[in-house]
Every structure is written in structure tokens, then in C-alpha cells.
Amino acid sequence: MNTIPVVFTFDKRIVLGAAVTVKSLIDTAKPETAYDIYVYHPDIDDKTAKEFEKMLEGTNHSIHFEYVSKDRFKNAPINKGGSWTEIVYYRLLIPELLPQYDKVIYADTDVLFKDDLTEAYNIDLTDYECAAVAMEPNNENMICHKYFPENKNELTYISSFIIFNCNKLREEKFVDKVFDVIKTFNTRLKFFDLDTLNIACDKIYNLPYRYGVFQSLYYSDDWSKSAEYEFIKHVYSDEELKKEVKNVVMLHYAGKPGKPWRRKFVPKDYQEFINKIPKSLRKYTFRDFRKKLFSKV
């Protein structure tokens, strides 16, 4: 059995999305894969955690819920009243939170897994601090992300899927670096955890785009209408993108037309997983209902 530690971080506002993500992860696993799943959260109750555990009963996989106080990032910039709260920084604590593992995968919870993660986990990261998917060149002409002269990477990497070389990061006192970056840059941080990761790490392995395919490219053949295409085309050729989209491993519901469970017409492949998760985990918030009501797609 191949044991692969995978971390998710979410709060009670996104239980439905997280349940779909976890269900797609275990359903696309190879028979010899065993995911050791950890959820770091500020407010998930025991009843909800038990429902996730039941969803994994009879599988090769395990799930653990562990509380992390938001106070650890009380001085970090956040999007008050929005989606980007202190929780976005939790992923950057992984090397500290899981000392028993030398390598750990992190993934967002607005994603759908389409394939097993063994190949990604087995990438040799000996000389790298982490692995992530490149989004656009790191320079003054950036379209989506914010340019930091202090960021020494040639490319800017998204933080939705990260493979942490925890052993190396612990040696380099990465978590201390994270808090130093937050203190030093603070209000200059635009994408919070993403900016912090790119500034704190200068040895990032470039993962294939299949580990972060945007929904705007996956569900349409006309990429010219995709806002994301305007910047990723400067990293990948059209031929590369076609190949990676076709072989997608992780589908990311970032950007328009919004989170799938909040849309009037939910994509068929996503709806199939909503139907698979326990009814007790289909928790729609007031914000979900409001966005669904005004959704045009």
C-alpha cells in the first residue's frame, strides 16, 4: 500500500465543497493508494467530522480533523468579510503540523480530482522546497498576480496544489520565514498565502499544468473568453495546454463562473459527486443560496 498524506484546510462555510473534494480524491485513487487525510480547521464540529469519517469507512483511506486557532495569524492581512480569512495561511504550517512526514500534499477544497496522486507524490524534490503549478512569468508586466521585486522566482506559482518537501523546509525553518514575510510585507500582500509562498521559497519545482487546470479552460474549447488564459498563455503553449487539460488530474473551480455548488446549472461531473456525498454534508450556507439565486449560469 502506498500511503500519501494529503492536507485540506477549511471552515464550516465550505463543508459541501470540501466533502466533494474528499470524495473525488478517494474515488479516483488507485487500489494500492492509501490517503492519510488531515483537515486543519478553526470551527468544524465533531458531528461533521464524524460524517466525513463515515464517508471513508470501508476504504483504504483515513481522515483526521485537527483544530488550529485563527489567532496564529491575527496579525496577517486578510479579506475581511470575504472568502480569504486567516485559514488561507494554514497550509503554510504543514511542515510544522506533520513532523512525521518528509513530504506532504496540500490541495484546495474548490477542486475535483480526476486521477490518482501517486505520480505527483513520487516526484523527487530533494533539491526543492516544494512543487506547485506555474501561473505566469514573474515580472513587472504581470496581468493577474502582484509583482514583488523581492520574489526571486522566474515564475509565479499558484497555491491551490502544493507538494511540500517538509524535511527540507523544517531544516530551513520555513514556518519562521512565513511569519517574517507576513510581518515584513503585510498590507503589500495581495494574494496572501500565494504571495507569501512565492516570496518565502526560491526553489520551487514546476508541476505540470494538469495539477491545476482552471474550469474556464476545461469546460470550453474557446479559451479566448477565459480571463485565466490571458496570463497562463505566457507560460504554456496551446499544445501544452491541450495536452494538460485532456489529462487533468485536479480541476480547479477558480475564477468565473464561480464555485460550482453556487451555480444555477452545476457541471454534470461535479453534480455527480454532490449526489455521492452524505446528505448530512450537503450544507448550503446563506451565501451559497444567495449566489445560486442570482447566478446566470
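Attention in this report is confined to the structure presented alongside it. Keep in mind that this is a model prediction, so the values were computed, not measured.

## What about the environment of Thr 48?
- Topologically, Thr 48 is positioned in helix α2 (residues 46–55).
- The class for Thr 48 is buried, based on a relative accessible area of 3%.
- Taking C-alpha positions, Thr 48 is 8.9 Å from Lys 12, a pair spaced 36 residues apart along the chain.
- Non-local contacts of Thr 48, meaning those with residues more than four positions away in its chain, are made with Val 15, Leu 281 and Lys 283.

## A word on the pairing of strand β8 (residues 161–165)
- Within β8, 5 of the 5 residues are buried, which leaves the element mostly enclosed by the surrounding structure.
- Across the two faces of β8 the burial is the same, with Phe 161, Ile 163 and Asn 165 and Ile 162 and Phe 164 all buried.
- Bridging between strand β4 (residues 103–107) and β8 involves 5 bridges; their strand directions are antiparallel. The residue bridging Ala 107 from the neighbouring strand is Phe 161, located in β8.
- Note that strand β6 (residues 130–137) and β8 share 2 bridges and pair antiparallel. Of the residues in β8, the one forming a bridge with Cys 130 is Phe 164.

Calculation notes
- Residues numbered from 1 in each chain as written.
- Predicted model: local features only at pLDDT ≥ 70, side-chain atom pairs only at ≥ 80, totals over all residues.
- Heavy atoms only, no water.
- Helix = DSSP H or I, 4+ residues; strand = E, 2+ residues; numbered from the N terminus.
- Buried < 20%, exposed > 50% of the residue type's maximum accessible area, 1.4 Å probe, protein only.
- Contact = heavy atoms within 4.5 Å.
- Pairing = 2+ DSSP bridges.

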